[in-house]
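# Examination of the molecular architecture
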Amino acid sequence: MQVQLEGAQLVRLSLFLYTLPLAGLLAATLLALWLDLGEGGSALLATLGLGVGLALARGALQRRQDAFRIAVSARNPAEDPFP
């Protein structure tokens, strides 16, 4: 079985999956620095920011579900280098 995405779709998908959670993590960390929280508060706020970023990425992917077309095709077992 082979799963394929077009190049532009792969870039957009990776932006949603990686950028939004990292942006949430970074924003929460900067907020913790600005509020002058200790290490525990910073870690907690960073974890919450990561969770919010993951939730935003999931919501964005669900809203744009039809924009990503995944092609699944069966491979010929004779062409498989690893039987």
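Residues numbered from 1 in each chain as written. Predicted model: local features only at pLDDT ≥ 70, side-chain atom pairs only at ≥ 80, totals over all residues. Heavy atoms only, no water.

Our next topic: the overall build of the protein chain. Within the protein chain, the secondary structure is distributed over two helices and two strands. Taking all 83 residues of the protein chain together, 19% fall into the buried category. Summed over its atoms, the accessible surface of the protein chain is roughly 6,500 Å², and 66% of this surface lies on carbon and sulfur atoms. (Helix = DSSP H or I, 4+ residues; strand = E, 2+ residues; numbered from the N terminus. Buried < 20%, exposed > 50% of the residue type's maximum accessible area, 1.4 Å probe, protein only. Areas by Shrake-Rupley, 256 points an atom, 1.4 Å probe, with all protein chains shown as cover.)

What follows deals with unusual backbone geometry. Phi is positive for D36, close to 55°, though the residue is something other than glycine. Its location among the elements puts D36 in the loop between α1 (7-34) and α2 (39-63). Among the residues examined, D36 registers a relative accessible area of 67% and is labelled exposed.

Residues L31, W34, L35 and L37 make up a contiguous nonpolar surface patch of roughly 430 Å² in combined accessible area. Checked against the element boundaries, W34 lands in helix α1. (Patch = residues over 30% accessible without salt bridge, like charges linked within 9 Å, V, L, I, M, F, W, Y side chains within 5 Å. Salt bridge = Lys/Arg side-chain N within 4 Å of Asp/Glu carboxyl O.)

Overall, the prediction assigns the protein chain a mean pLDDT of 79, with 69% of residues at 70 or greater. Put simply, strand β1 (residues 2-4) is where the protein chain has its lowest mean pLDDT, 59, and α2 is where it has its highest, 89. (pLDDT = per-residue confidence, 0-100.)

Time to look at α2. For α2, spanning 25 residues, the distance from its first C-alpha to its last is 36 Å, which sits close to the expected 36 Å at 1.5 Å a residue. Among the residues of α2, L45, A46, G49, G53, A57, G59, A60 and L61 are the ones counted as buried. (Expected span 1.5 Å × (residues − 1).)

On the secondary structure map, L50 appears in helix α2. Overall, the relative accessible area of 32% leaves L50 in the partly exposed class. Linking L50 and A28, residues 22 residues apart in sequence, is a C-alpha distance of 7.9 Å. Among all residues touching L50, those that are not within four sequence positions of it are P21, G24 and L25. (Contact = heavy atoms within 4.5 Å.)

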